[in-house]
Amino acid sequence: MSDTEKILSIKDLTVHYLPPEEPACKAVNGVSFDIRKGETLGLVGETGAGKTTIALSILRLVQSPPGKILSGSIEFNGENLLEASEAHMRKIRGSEISMIFQDPMTALNPIDSVGDQIAEVVHLHSKCSRAEARIKVEEMLELVGIDKSRYKDYPHQFSGGMKQRVIIAMALACSPELLIADEPTTALDVTIQAQVLDMMNDLKKKLGSSVLLITHDLGIVAEMCDKVVVMYAGQVVEMGDKRSIFKHTSHPYTKGLFGSLPGAFPDSDRLKPIKGLMPDPAALPAGCKFADRCEFCTEQCRAREIGLTEVSEGHYVRCVLAEGGNHH
Amino acid sequence: MGRYILKRLLMMIPVLLSVVLLIFILQFITPGDPAKLQLGTDATNEEIENWHEKYGLNDPFAVQFTRYVWGIVSRGDFGNSWRNGQPITQEIISRWPTTFLLAILTTLVSVISGTLLGIYAALHRGSLGDAIARVIGILGISLPNFWFALMMILLFAVRLQWLPVSGFYGPLYWILPAGTLGVLGASSQMRITRSAMLDNINADFVRTARAKGQEERVITYHHILRNALIPILTNVGSRFAQNLTGTMILEQIFAIPGIGTLMVLAINKRDYPQLRASVILVAATVSVVNLLIDIAYAAADPRVKATFKSSSGNFLKFKKRAG
């Protein structure tokens, strides 16, 4: 596929948090991936893998200090966002790229009515009268399944799932080209999760947006995504089409993720959790970051930094075993 | 909301009654005979006895107390001054506006300067400006206000001669007293604002607002400051109460004819009715200001408003629906 279809292209992004008088926290280390138009990309990894930092970097909202984008580029429609002016970024945020945050309980301003909070983004990005904005907001509320008579209600009058709908309405109000959803269902009940995901899928089709879906739930990835990027300790360890990742899982970490998923292997009745913990991002080991927890670990793994190997078309793996071509 | 205000106004009655009772008891058990002070040292026993009889001091405590409260409730009469025999209500009404104006001005100075300084310090946390603001904050609580007032007089009235030394005849005379007490009061306002802003500055909804593309100015004043308003408003209330009593000392220093000078005079002369009336007035004002602050909470935060509605209106609504 040609470059013009790429809506977002992240190259070699490195983001560290540099708190004074403490060792640097290496959150994101040389991450590259692309999102094409209309595509949903799942960014998978456990807590602390650097997923949210990548999302915030795209919007240039990494808190600074202590956060600092050290190198790389984030091209959105061919423009490097890391070099854009703050004023230009404000125009992009909320209109061309918008974000759904993880925790709906705290992401809404408690003193503004939900209607006004959606209207805020409408007013910022389109020149329209109060009445027009109100109509637009009411449309959005109905779209996410909230009665428009609740325009003047406040966040404390809504349940968690309803608040997340408000946040989704807010994120989609200006029909963004790219929607970043940071664990949009983590804080919700399982029954509500399915509803919210279905709704996101519908809206995405309706508006034709691309989606960067951050999650640690492979079930959600299976349902929603076209492409998958698996992250570990701030690095991409495996990425490719959903089919090839699910069928030909190559990296021991990705295998471990599937092994810890109930129902992934119906023939075994025991879960196989990954032993140990992710390394401290302030003290990353040399070589493969997953080596300490990996059952296939060899001396080679710790000797040098491992690069990404293309094991089949568009399917990349960062593992010594894949380099030999005899991937599992 | 109306029912809530009514309820709060009714609740002020027991509060004020307790204030009256307390000060009555204190004055009753204070040793010394006020009559001797009023009549002079060469008064005969008979004269003193007559004086006691005239002001009802020979009656039992309960009778004196009931008569006093009844006088206020039925006729708005706070009695006559023991010092000069004049009706107290008039004197207080004539002096009250001065003290009230001074307290309002002082509160305005501390609230405006303290809030702005607090916002600045919170936004520039860790900078030199923040450090200076915090030093000002500590100075404000540690400097005695009478000393600070004298220094200000020395500087602006005596040395530079920009402002009058004392009196209360127009806006030019307001600047030094209101400025002095106001600047000292600004320190607590500054600290409260700074910490309330910092509580909200990294809130998720602030990040949401940034992700919408909102400008920093709107984020600061609308999203952060408005969510920090509850502790700030609380402090405005206590600042006003402190300023109302704080003017007692400043009125002496600046020779301002307000309630403060009257109270000091009343204490020196054991003019109990006069003192009682002043204390009741101050207590009533503070109660009303606290009520206004509580109403302001409801305007600032819809969650508070919801609790007002549920605590006062539910039963009525229920009755309407049932009927």
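Note that the coordinates shown come from a computational prediction; the quantities given were computed from them, not determined experimentally.

Trainee: Hey, could you go over the overall build of chain B for me, with residue numbers and the actual values?
Mentor: What chain B contains, in helices and strands, is 15 helices and 0 strands. Seen through its C-alpha atoms, chain B measures out along the principal axes to roughly 85 × 75 × 30 Å. Every one of the 323 residues in chain B was classed for burial, and the buried ones make up 44%. Counted over contacts in chain B with a minimum sequence separation of 6, partners at least 24 positions apart contribute 74%. Counting every atom, chain B has about 16,900 Å² of accessible surface; 67% of that belongs to carbon and sulfur. One way to put it: in chain B the 30 positive side-chain charges average out to a point 15 Å from where the 18 negative ones average out.

Trainee: Could you give an account of unusual backbone geometry, naming the residues involved and the relevant values?
Mentor: Residues and elements named next belong to chain A. Residues other than glycine seldom take positive phi values, yet Glu-21 does so here, at roughly 65 degrees. Position of Glu-21 among the secondary structure elements: in the loop between β1 (6–17) and β2 (25–36). Take Glu-21: its relative accessible area is 85%, and that puts it in the exposed class. Unlike most non-glycine residues, Ala-233 shows phi in positive territory, near 50 degrees. Relative to the elements of secondary structure, Ala-233 occurs in the loop between β9 (227–232) and β10 (235–241).

Trainee: Requested: an account of the interface of chain B and chain A, with residues and values cited.
Mentor: Each side of the interface is counted separately: chain B has 20 residues, and chain A has 24 residues. Interface of chain B and chain A: buried area, both sides summed, is about 2,100 Å²; carbon and sulfur atoms make up 57% of it. Its largest share of buried area at the contact with chain A, chain B owes to B:Arg207, B:Ala211 and B:Lys212, together 31% of the area lost on that side. Summed over the shared surface of chain B and chain A, the result is 1 salt bridge. Between the two partners, chain B and chain A, sit 13 residue pairs in polar contact (both at pLDDT 80 or more). Listing elements by their share of the side of chain B that touches chain A, those giving two or more residues are α9 (204–211), α10 (216–227) and α14 (302–312) of chain B.

Trainee: Report on the state of the cysteines, specifying residues and quantitative values.
Mentor: With the rule as written, the count across this model stands at 0 disulfides over all chains. This cysteine, A:Cys288, is not joined by any disulfide, and A:Cys301 carries the nearest cysteine sulfur, 5.7 Å off.

Trainee: How would you sum up the nonpolar core? Please name residues and give values.
Mentor: Side chains of nonpolar character tend, in soluble globular proteins, to be buried together. Residues A:Leu8, A:Phe33, A:Ile54, A:Ile58, A:Ile97, A:Ile168 and A:Ile180 are the most contacted members of the largest nonpolar core, which totals 97 residues. Setting aside residues up to four positions removed in sequence, A:Phe33 forms contacts with A:Leu8, A:Ser9, A:Ile10, A:Leu41, A:Leu43, A:Ile54, A:Leu212, A:Val229 and A:Met239. Judged by nonpolar contacts, the second largest core, of 32 residues, contains B:Tyr68, B:Val69, B:Leu244 and B:Ala266.

Trainee: How would you summarise the packing of helix α7 (residues 145–159) of chain B against helix α8 (residues 171–201) of chain B if you had to cite specific residues and measurements?
Mentor: A packed helix pair is summarised by two numbers, namely the angle formed by the two axes and the spacing between the axes. Residue and element names in this part refer to chain B. It is at 10 Å that the axes of α7 and α8 come closest, and there the two elements cross at 135 degrees. When the axis of α7 is compared with that of α8, the two are oblique. The interaxial crossing formed by α7 with α8 has right-handed handedness. Side by side, α7 and α8 meet where Asn-145, Phe-148, Ala-149, Met-152, Ile-153, Phe-156 and Ala-157 of the first sit next to Leu-176, Thr-180, Leu-181, Val-183 and Leu-184 of the second. Taken together, the residues that form the contact of α7 with α8 break down as 10 nonpolar, 2 polar and no charged.

Trainee: So what's going on with the confidence of the model for chain B? Residues and values would help.
Mentor: Predicted confidence across chain B gives a mean pLDDT of 87, with 96% of residues reaching 70 or more. Scoring of the predicted complex yields 0.80 for pTM and 0.85 for ipTM.

Trainee: An account of helix α11 (residues 229–254) of chain B is needed here, citing residue identities and associated values.
Mentor: Along its length, α11(B) shows its largest kink, about 35 degrees, at B:Met248. B:Ala255, located one to two residues past α11(B), shows a positive phi value of around 50 degrees.

Trainee: Lay out the domain arrangement of chain B with the relevant residues and their values.
Mentor: Residue and element names in this part refer to chain B. Each assigned domain of chain B is listed here: domain 1 (1–80 + 258–323) and domain 2 (96–257). Between domain 1 and domain 2, the residue contacts involve 19 residues of the former and 21 residues of the latter. Each partner contributes to the roughly 1,600 Å² buried at the junction of domain 1 and domain 2, and carbon and sulfur atoms together form 74% of this total. Broken down residue by residue, the surface that domain 1 buries against domain 2 is led by Gly-258, Tyr-297 and Ala-300, which jointly contribute 27%. Across the domain 1-domain 2 interface, the total number found is 0 salt bridges. Looking at the side of domain 1 that touches domain 2, the elements with two or more residues in it are α12 (259–268), α13 (272–300) and α14. If one sorts the elements of the side of domain 1 that touches domain 2 by residue count, α13 sits on top with 10 residues. Along the lines of polarity and charge, the residues of the side of domain 1 that touches domain 2 split into 13 nonpolar, 4 polar and 2 charged.

Trainee: With reference to specific residues and values, describe the environment of A:Ile220.
Mentor: Residue and element names in this part refer to chain A. Checked against the element boundaries, Ile-220 lands in helix α8 (residues 218–224). For Ile-220 and Leu-178, which are 42 residues apart along the polypeptide, the C-alpha to C-alpha distance reads 19 Å. Those residues in contact with Ile-220 that lie beyond four places of it in its chain are Thr-185, Leu-197, Leu-213, Thr-215 and Cys-225.

Trainee: Describe the side chain of B:Gln189, listing the residues and the values that go with them.
Mentor: On the secondary structure map, B:Gln189 appears in helix α8. Polar side-chain contacts of B:Gln189 include one of 2.6 Å to the side chain of B:Asn235.

Trainee: So what about the sheet that holds strand β12 (residues 315–317) of chain A? Which residues, and what values?
Mentor: Residues and elements named next belong to chain A. Overall, mixed pairing links the 8 strands, which are arranged β6-β7-β8-β3-β9-β10-β12-β11 in an open sheet. The open sheet is flanked by β6 (97–100) and β11 (309–312), the only strands paired with a single partner. Neighbour to neighbour, the strand axes of the sheet diverge by 20 degrees on average, direction disregarded. Note: strand β3 (residues 40–44) against strand β8 (residues 210–215), 5 bridges, orientation parallel. Across the sheet, the residue bridging to Thr-40 is Val-211, located in β8. Each of β6 and β7 (178–182) touches helix α6 (residues 160–172); the most contacted strand, β6, lies at about 175 degrees to it. Lying on the sheet, helix α10 (residues 252–259) is in contact with β3, β9 and β10; it crosses β9 at an angle near 105 degrees.

What counts and what doesn't
- Residues numbered from 1 in each chain as written.
- Chains lettered and ligands numbered in written order.
- Predicted model: local features only at pLDDT ≥ 70, side-chain atom pairs only at ≥ 80, totals over all residues.
- Heavy atoms only, no water.
- Helix = DSSP H or I, 4+ residues; strand = E, 2+ residues; numbered from the N terminus.
- Buried < 20%, exposed > 50% of the residue type's maximum accessible area, 1.4 Å probe, protein only.
- Contact = heavy atoms within 4.5 Å.
- Areas by Shrake-Rupley, 256 points an atom, 1.4 Å probe, with all protein chains shown as cover.
- Lys, Arg positive; Asp, Glu negative; His and termini not counted.
- Charge placed at Lys NZ, Arg CZ, Asp CG, Glu CD.
- Buried area = accessible area lost by both parts, 1.4 Å probe.
- Salt bridge = Lys/Arg side-chain N within 4 Å of Asp/Glu carboxyl O.
- Polar contact = N/O pair within 3.5 Å; in protein donor to acceptor, adjacent residues only side chain to side chain.
- Disulfide = S-S within 2.5 Å.
- Core = buried A, V, L, I, M, F, W, Y, C linked by side-chain atoms within 4.5 Å.
- Axes fitted to C-alpha atoms, helices over the stretch in contact; angles between N-to-C directions.
- Parallel < 35°, antiparallel > 145°, perpendicular 65-115°, else oblique.
- Left-handed = near helix turned anticlockwise from the far one by under 90°.
- Nonpolar A, V, L, I, M, F, W, Y, C, P; charged D, E, K, R; others polar.
- pLDDT = per-residue confidence, 0-100.
- Bend = angle between axes of the 7 residues up to and from the residue.
- Domains from an automatic or database assignment.
- Pairing = 2+ DSSP bridges.

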